[in-house]
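Letter by letter, the chains look like this.
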Amino acid sequence: MSPLLPQTVLDRLHAALPQARVELVNNPSPSGQHALLVHREDAVQVAEFLKNDPELLLDYASDVSGVDYPEYLEAVYHLFSIAKKHGPIVLKTRTGDRGADASVPSLTRVWKSADFQEREAFDLFGIRFEGHPDLRRLLMWEEFEDFPLRKDYVAPNDCEYEPTPHGDIVQKAAAASASPVPQA
Amino acid sequence: MNFPGSGIIKGMAVTALNIVGSYFDRAHAKRLITEQYPEERPKLAEASRSFPFLVFDGDDPEKGIRCVACKICEKECPPQCIYIVKDTDANGKPIMRPKVFDIDISVCMGCQICVESCPFESIRMDNIYEVSGYDRFAPLVLHKPQLLKSNAYYHGIRPTEAAATDARIEAARLRKEAAAKAAAAKVAAAKAAAAAKAAGEKAAETKPTQPE
Amino acid sequence: MSASSSNFFSGTADAGALEVSLGPHHPSTHGVFRMNVRMEGETVVKLQPVFGYLHRNHEKIAEKNSWLAAMPYTDRLDYICSGTNNWAYAVAVEKLAGIEVPERAEYLRVIVGEMTRLQNHTAFLGFILGDMGAWGSALMYAFREREKILDLFEELTGARMMLNYARFGGVRCDTPAGWLDKARAYLATYPAFLDEMEQFLTGNEILLSRLQGVGVLSAQRAINGGLSGPVLRASGVDYDIRKVDGYSIYPRLKFRVPRGEVGDCFDRFMLRLLEARESLKILQQALDQIPEGPVVNPAVKQRGFKPPAGEAYGRIEGPKGELGFHLVSNGTEKPYRYHVRPPSLINLTLLEEMCLGTKIADVMVILGSIDIVLGEVDR
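Residues numbered from 1 in each chain as written. Chains lettered and ligands numbered in written order. Predicted model: local features only at pLDDT ≥ 70, side-chain atom pairs only at ≥ 80, totals over all residues. Heavy atoms only, no water.

Q: If you had to explain the overall build of chain C to someone new, which residues and values would you point to?
A: Scanning chain C from terminus to terminus reveals 16 helices and eight strands. Here the C-alpha radius of gyration of chain C, 21 Å, is about what a compact globule of 379 residues would show, namely 21 Å. Principal-axis analysis of the C-alpha atoms gives chain C an extent of 70 × 50 × 35 Å. Of all 379 residues assigned to chain C, the portion counted as buried reaches 67%. (Helix = DSSP H or I, 4+ residues; strand = E, 2+ residues; numbered from the N terminus. Rg over C-alpha atoms; globule rule 2.2 N^0.38 Å. Buried < 20%, exposed > 50% of the residue type's maximum accessible area, 1.4 Å probe, protein only.)

Q: Tell me what's going on with the interface of chain A and chain C, and back it up with residues and numbers.
A: Taken together, the contact pairs 51 residues of chain A with 53 residues of chain C. Taking both partners together, chain A and chain C bury about 4100 Å²; carbon and sulfur atoms supply 56% of that area. Taken as a group, A:Tyr60, A:Phe116 and A:Leu139 account for 16% of the area that chain A buries against chain C, more than any other trio of residues on that side. Our count for the chain A to chain C interface comes out at three salt bridges. (Contact = heavy atoms within 4.5 Å. Buried area = accessible area lost by both parts, 1.4 Å probe. Salt bridge = Lys/Arg side-chain N within 4 Å of Asp/Glu carboxyl O.)

Q: So, the sheet that holds strand S7 (residues 321-329) of chain C: which residues are in play, and what are the values?
A: All names here are of chain C. Sheet architecture is open: three strands sit in the order S6-S7-S8, paired in antiparallel fashion. Both edges of this open sheet fall to strand S6 (310-318) and strand S8 (337-341), since each of them pairs with a single strand only. Taking the axes of each pair of neighbouring strands and ignoring which way they run, one obtains an average angle of 10° across the sheet. (Pairing = 2+ DSSP bridges. Axes fitted to C-alpha atoms, helices over the stretch in contact; angles between N-to-C directions.)

Q: Tell me about the environment of A:Asp146, and please be specific about residues and values.
A: All names here are of chain A. Tracing the sequence through the fold places Asp146 in the loop between strand S7 (128-130) and helix H4 (168-176). The class for Asp146 is partly exposed, based on a relative accessible area of 35%. Along the backbone, Asp146 and Asp97 are 49 residues apart, and their C-alpha atoms lie at a distance of 16 Å. Apart from the residues lying within four places of it in its own chain, the contact partners of Asp146 are Asp123, Arg137, Tyr153 and Val154.

Q: Hey, could you go over the pattern of salt bridges for me, with residue numbers and the actual values?
A: Residue and element names in this part refer to chain C. Taken as a whole and judged by the stated rule, the model has 64 salt bridges over all chains. Arg38 is the salt-bridge partner of Glu19, the closest N and O atoms lying 2.6 Å from each other. You can see Glu19 sitting in strand S1 (residues 17-22) and its partner Arg38 sitting in strand S2 (residues 34-40), a full 19 residues away along the chain. By relative accessible area, which is 21% here, Glu19 ends up partly exposed.

Q: Account for the packing of aromatic side chains, with residues named and values stated.
A: A complete count under the given rule lists 23 aromatic pairs over all chains for this structure. Both rings, one in A:Phe80 and one in C:Tyr313, keep their centres 6.1 Å apart while their planes meet at 50°; by these two values the pair is tilted. With one member in each of two chains, A:Phe80 in strand S4 (residues 73-81) and C:Tyr313 in strand S6 form a pair that bridges those chains. Residue classification places A:Phe80 among the buried positions, given a relative accessible area of 2%. Among the aromatic residues, those joined into a ring-pair cluster are C:Tyr89, C:Phe168, C:Phe305, C:Phe325 and C:Tyr338. Across from the ring centre of C:Phe143, 5.0 Å away, lies the NZ or CZ of C:Arg146, which sits over that ring. (Phe/Tyr/Trp six-rings, centres within 6.5 Å; stacked < 30°, edge-to-face > 60°. Lys NZ or Arg CZ within 6 Å of the ring centre and 35° of its normal.)

Q: Kindly report on empty space enclosed by the protein, identifying the contributing residues and their values.
A: Residue and element names in this part refer to chain B. All chains considered together, the criterion is met by six cavities of 30 Å³ or more. Estimated volume of the largest cavity: approximately 100 Å³. Along its surface, the largest cavity is lined by 15 residues, and Cys67, Cys70, Cys73, Cys118 and Ser122 are the ones closest to its centre. Looking at the lining of the largest cavity residue by residue, the class counts come to 13 nonpolar, one polar and one charged. Taken together, 15 residues form the lining of the second largest cavity, with Pro52, Cys77, Cys108, Cys111 and Cys114 sitting closest to its centre. (1 Å grid on protein atoms, 1.4 Å probe; cavity = no way out; pocket = protein on both sides within 12 Å on 5 of 7 lines; lining within 4 Å. Points joined across faces, edges and corners; volume = space filled by probe spheres on them. Nonpolar A, V, L, I, M, F, W, Y, C, P; charged D, E, K, R; others polar.)

Q: Requested: an account of the sheet that holds strand S3 (residues 60-68) of chain A, with residues and values cited.
A: Through backbone hydrogen bonds, the strands of a sheet pair up, either in parallel or in antiparallel fashion. Residue and element names in this part refer to chain A. Strand order in the open sheet formed by five strands is S1-S2-S5-S4-S3, with mixed pairing between adjacent strands. Of all the strands in the sheet, the pair left with one neighbour each is strand S1 (22-25) and S3. Averaged over all adjacent pairs, the angle separating strand axes in this sheet is 25°, with direction ignored. By the bridge criterion, three bridges tie strand S2 (residues 35-38) to strand S5 (residues 86-94) in an arrangement that is parallel. Residue Ala35 lies in a different strand from S5, and its bridge partner there is Val90. Sitting on the sheet, helix H1 (residues 6-16) is in contact with S1, S2 and S5, with an inclination near 170° to S1. Docked against the sheet, helix H3 (residues 114-125) engages S3 and S4, running at close to 5° with respect to S3.

Q: For helix H4 (residues 103-131) of chain C, give the residues involved together with the corresponding values.
A: All names here are of chain C. Compared with the 42 Å implied by 1.5 Å per residue over 29 residues, the 41 Å span of H4 between its first and last C-alpha is a close match. Judged by how many residues are buried, H4 sits mostly within the fold: 27 of 29 residues are covered. Where H4 terminates, the next one or two residues include Gly133, which has phi positive at roughly 95°. (Expected span 1.5 Å × (residues − 1).)

Q: Residues and numbers for the environment of C:Asp240, please.
A: All names here are of chain C. Within the element layout of this structure, Asp240 appears in the loop between helix H10 (230-234) and helix H11 (241-244). You can call Asp240 buried: its relative accessible area is 2%. The residues contacting Asp240, other than those within four sequence positions of it, are Arg233, Val257 and Glu317. Polar contacts involving the side chain of Asp240 include one to the side chain of Arg242, which spans 2.8 Å. (Polar contact = N/O pair within 3.5 Å; in protein donor to acceptor, adjacent residues only side chain to side chain.)

Written as C-alpha cells, this is what we have:
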C-alpha cells in the first residue's frame, strides 16, 4: 500500500476537472493529513470524480463531521478506498456564513454512509446539507431550536442541584438556591 | 449423525452438560460461578477501584491529613465532582489544609484521574461497593470526615500500591533531608570559606605573598 | 425544520398497512432505540430508526474538558468495549501530536484490545440468541465466560468495564505480578468454550432457518453505506483496518481475516465466531512476545497536555467496526473539535435496506446481527 498524497489527488482533479475550485489546505499537525478544500458549488462533481476515478476509487466515506469556525462552518469528509486500500483523503467544504447561508451540498447521493452523519452535523451544527434526502434532526428532538455543538451555544440554566459547584456554576447554583431542593 | 433435528439434539446435549455440571463443577468454577452474595463476598482484585478517599498518616485524621488543598484534583476531575475550600488560620490567612473536601459520588465515575494527578499522594481509590442512601442527593455527597481513612486502611486494601507510595514518600523525605543537609553543609562551607578568606586576608596583610 | 418523525404515522398508508413503533423500550432493541415500522401484513415496507434517547452530547463534554479528561468518557461510548475506545482516542491524539508509543505498551494495548474483541463477540452470541427469542441459556453461557475476562480486566486496570486504560503514548499501568500467566492460562481454556458454543448453536435447525438468507447485503451496498467491521466483512469485503493500516504491532502478528460469502445474518453470526478464534491466536502470540520495558512514553505530559495546532483522524478496528476520532486542536489545553466516528451508528445506515421485504420478526434478528450499543449510537 503506497500512501496516497493529497497533492496527487489534486493534480488528477485539476487535469480532469479544470474548472473545479479546489485548493490544498495545509495541516500543521505532525499527522500530515492535509485537506482538499472544495468550493461548495463544485463539491458534488468533485465527489463523483473522487469516487469513480480508476486511480483514486475513494469509494468509502468513512467519517463526516462538522467544525465550527468563527466565520463559517465546515463539513469534513474522511475518504478511504476499499478497492485500493488507501486513504485518508480529507475533503472539506465550507458554508458561506454561520447564519442564513449555512449550507453545503449533501454528498449522501454519492456516498450513502454520509446519510446519518450529515443529519448529525445538521442537528448539532446547523449545517444545511442541500439535496439530502431526509434532513431531520438526528439526536436532539424535533422541537429543539439551537445547535449545541456551536461554540456560541448557551446551555440552558436548569441546574437542579449542585453539591460540588465550580466556576460559573456557583452563580447558577446560588440563583437556583433561591428555590432550594426539597429535603427528604 | 446428520438427520433432521440432529443439530437441536446436539445443542440440548450441551444444555444438559451445563445443567449437570452446575451441580458438580463447583470447585473448578467452570459451569457454576454464582456467588451467594451477600453471604459470600467476592474477593476483590487489589487494583479494584470504586470511589476516591483521602489518606491520613498516624491516628489523628486532622493532624495527619496529607491533602494540602492545592485543588489540582478539583480542576482535573472530568465530571467535576470534587469541591474543595482552603482552610484559614485564626488571622484569616489561607493555610495548606482543606476546610471542606466534598466528593459527590453520584457524579464520580471512578476514573482515577484525581489519583494520578495528586502530587501529594493524598487521594487514593477505595474499593467499597455498597453505597446507598435514602435520597438522591445529600447522602451521596461524601464530606471530609467520611473521606478520611488511615494509611493502615490503605495498606489493608492495596498492600503493593501503598508500600510503593510509602517508599516514594520516604525517598522524598530523605531527599529533602539530604538537600537540607547539603544546603546546611554549603552554608557551613561558605562560612568556613569566608572565615578562611578573612583569615587569609589577615595573613596576607601580615605576610607578602610568595610568587609560585 | 423539515418533516418530523412524528409524521411517520401520517395516516397516508393504504388501508391494511399497519404502523408499529418498535421501542424505545423493547427487550430486543439493545437499549433505548426506536424503529418506526410500516407493514403490509407481516412484511416490512418502510422502516425509520429514531435515535437520541441516550444522547448526552459526549462531543461537547469533551470539548469543555482537558484532553486527558475525555479519556474516561470514551469508556462510556460503547460500554461493552471500553478497552478499544480508549485505544482509538489515544491513537488519534498520538497522530495529532506525533507521539511515539513504547513497545510494551503496544503489546498491552493489543492484549486488552483483543480481549475486548473476544468478550464482545462472545456476548454477541448470547445477544443474538436473545433477539431470536432464545432468552437464557446462550446469553448466560456467554456472560459466564465474559465475566472471567472482565475479572482479568479488573486485576489489570481496576475496573471491569470502564477501563480507562490507555494514555497518550502508552497505557496507564503495568501488569500486576503474574497477570500475564493468569491470562495465558485462562485463554487456553477458551477454544473449548467456543467449540461448545458452536456445538450448541451452529447446527441448530431453528437457528439456521432464522438466520440464513435473512437481511442479505451485497458488498457494493455495504461499502457505499459505510458499513465497517464484521458487518462489512460478512458481505465478502476484505477490509480489516488491522491489516490495511497496519497500526500498532499488528503487522508482526499472524492472523487471518475471515470473510462471509452471502452477506446474510448467518454470515455475520459465523464471522464473529471465527474472529473470536483469530483473536485468540493474536492473544497467544502477543502474550508470548511481550517484551519488558516502560509502558508509557515519559516525554508526554498527561496533565495539561497541549498538542500542536492542527487536525488528525485516527482510527482502529474496533470489535464493532471502524472506530475513529477526528480531532482539531488549536494548541490549547482543550480540544477545539472532538468528533467520534461511531461504528454502531453508521452500521445502522442500511438497516432499512436490509429489512425491506422481510417479516417483522426478522427485523429484530437483523438489528441483532449488526451488533449495536446505544451508548455509541447516541453518544
